[in-house]
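# Results of the structural survey
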Amino acid sequence: MRRYRIAAMGGDGIGPEVISAGVEVLKLCAERDGQFALDFTDFDWGSDYYRKHGVMMPADGAEQLRAFDAILFGAVGAPDIPDHVTLWGLRLAICQPLDQYANVRPTRVLPGITSPLRNVSGPELDWVIVRENSEGEYSGVGGRAHRGLPIEVAQDVSVMTRAGVQRIMRYAFRLAQSRPRKFLTVVTKSNAQRHAMVMWDEIAAEVAQEFPDVTWDKMLVDAMTMRMVIKPGSLDTIVASNLHADILSDLAAALAGSLGIAPTANINPERDAPSMFEPIHGSAFDITGKGIANPVATFWTAAMMLDHLGEAPAAARLMKAVERVTADPALHTPDLGGTATTRQVTEAVCEALRQAND
Ligand code: NAD
Ligand code: MN
């Protein structure tokens, strides 16, 4: 029997609610498949840990995670702790040392879910956004001096390296090549950011030569937001910098119906460290503890994790079960306009998995 060690980290707010649902569904996926087993280890890192220890995770946190085959992560962020502390102290403190440089965000309109876009009912919107996840605008380089004085200065420097851009472009072209349309849109802002972004464009053109069967085009990020709304069917695979893709993927999630269904994977493509799988949404203080968080983003994320582990049939079975559930409006949580609870959706997905007839 194949065995995988999974680190499960709920984090803050609704994170633990959706991750416990995800673990329950994943255990059933393994049982239903019969060919592999998942061993979960829980980690209590996050804002409560910070309140007790003054840090979001132990200093050797990322090193502890290396022993695992994958990480399932909820969300981080609390009202009483600055967001940059929680983000840099946990999520980025894991992604960066484990070199999870490709952040992959699939977007589709699942059955039964209504896109806010007129005329979009499903197949017209089927994208994967690849986000550069290790440098760029979130490199952490910068500083702040002369606090409070008229001469105060603050800067966040967008750092792009040839090696960093090359590897994310290769990843994106390879992913585009694996999809039926073999089409990649490279997002840029090289008209205004005339150093790093011009290099980004040059490297895109160089890497494109290695993938003659992939068609590609280039889009300024502001115009891209318009194209996503007006011509969603003209897009397929998309690659963008850390900041640009961060913004575009929230737009993509909303266009697909809700932030509550959008998944993401922080991939280490070389597989020399574990990858991390998480819903795109944050800790959602406004609905924490109410039992109404949509667990679909976490289930989709869990399917991406199974796929990454090499368990494609189990991943496909899980997505099919999720789609059977989203197709029923009675099983929609409030973010989708329904009245279902996290528990009801989770039980329905488990039931659909038990009934899967493959
Ligand atoms: P958020 O994603 O937490 O919430 C935005 C809105 O979407 C809220 O109205 C929320 O109720 C709703 N929502 C989100 N997920 C949902 C789900 N699964 N089901 C139903 N509704 C859902 O974003 P925010 O309010 O901007 O941020 C709250 C906190 O989360 C902040 O501290 C922020 O820094 C943090 N955050 C963390 C991550 C992460 O851990 N990756 C991502 C985004 C935000
Ligand atoms: Mn974001």
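Residues numbered from 1 in each chain as written. Chains lettered and ligands numbered in written order. Predicted model: local features only at pLDDT ≥ 70, side-chain atom pairs only at ≥ 80, totals over all residues. Heavy atoms only, no water.

By the definition in use, this model includes 5 aromatic pairs. Centre to centre, the rings of Phe 43 and Phe 68 are 5.6 Å apart; their planes meet at 75 degrees, and the pair counts as edge-to-face. One end of the pair, Phe 43, is in strand E2 (residues 36-43); the other, Phe 68, is in the loop between helix H3 (61-65) and strand E3 (70-75), with 25 residues separating them in the sequence. We note that Phe 43, like Phe 68, is buried. With 5.5 Å between their ring centres and 20 degrees between their planes, Phe 173 and Phe 211 make a pair best called stacked. One end of the pair, Phe 173, is in helix H5 (residues 162-178); the other, Phe 211, is in the loop between helix H6 (196-208) and strand E9 (215-220), with 38 residues separating them in the sequence. Of the two residues, Phe 173 and Phe 211, both sit in the buried class. (Phe/Tyr/Trp six-rings, centres within 6.5 Å; stacked < 30°, edge-to-face > 60°. Helix = DSSP H or I, 4+ residues; strand = E, 2+ residues; numbered from the N terminus. Buried < 20%, exposed > 50% of the residue type's maximum accessible area, 1.4 Å probe, protein only.)

With a phi close to 70 degrees, Asn 119 is a non-glycine residue in the positive phi region. Structurally, Asn 119 is set in the loop between strand E4 (102-108) and strand E5 (126-132). Despite not being glycine, His 146 has its phi angle at roughly 60 degrees, a positive value. Along the chain, the position of His 146 falls in the loop between strand E6 (142-145) and strand E7 (153-156).

Quick look at the pattern of salt bridges now. Pairing between side chains becomes possible if they bear opposite charge and their charged atoms approach one another. Per the stated rule, a full pass over the model turns up 21 salt bridges. Here Asp 126 makes a salt bridge to Arg 179, at a shortest N to O gap of 3.3 Å. Remark: Arg 179 occurs in the loop between H5 and strand E8 (183-188) and Asp 126 occurs in strand E5; sequence separation between them is 53 residues. Residues Asp 236 and Arg 179 are paired through a salt bridge, measuring 3.0 Å at the closest nitrogen-oxygen approach. Of this pair, Asp 236 sits in the loop between helix H7 (221-230) and strand E10 (237-240) while Arg 179 is found in the loop between H5 and E8, placing the two residues 57 residues apart along the sequence. Each member of the pair, Asp 236 as well as Arg 179, is classed as buried. Bridged by salt links that share partners, the residues Glu 24, Arg 343 and Glu 347 form one connected network. (Salt bridge = Lys/Arg side-chain N within 4 Å of Asp/Glu carboxyl O.)

Attention now moves to a nonpolar patch on the surface. A grouping of Met 226, Val 229 and Ile 230 is seen on the molecular surface, where their side chains present a nonpolar patch of about 300 Å² in accessible area. You can see Val 229 is positioned in helix H7. Owing to a relative accessible area of 35%, Val 229 belongs among the partly exposed residues under this scheme. (Patch = residues over 30% accessible without salt bridge, like charges linked within 9 Å, V, L, I, M, F, W, Y side chains within 5 Å. Areas by Shrake-Rupley, 256 points an atom, 1.4 Å probe, with all protein chains shown as cover.)

Attention shifts here to the UniProt feature "domain: Isopropylmalate dehydrogenase-like" (unreviewed entry) in the protein. Mapped onto this structure's residue numbering, the UniProt feature "domain: Isopropylmalate dehydrogenase-like" (unreviewed entry) falls at residues 5-349. The distance from the first to the last C-alpha atom of residues 5-349 is 23 Å, and the span holds 39% helix and 20% strand. (UniProt positions renumbered as here; feature names shortened; annotations may be inferred.)

Take the side chain of Glu 278 next. Its place among the elements puts Glu 278 in strand E12 (residues 275-279). A polar contact is formed between the side chain of Glu 278 and the side chain of Arg 91, at a distance of 2.7 Å. A polar atom in the side chain of Glu 278 sits 3.0 Å from the side chain of Asn 266. Dropping the residues within four chain positions of it, Glu 278 is found in contact with Phe 73, Gly 74, Arg 91, Pro 263, Thr 264, Asn 266 and Thr 301. (Polar contact = N/O pair within 3.5 Å; in protein donor to acceptor, adjacent residues only side chain to side chain. Contact = heavy atoms within 4.5 Å.)

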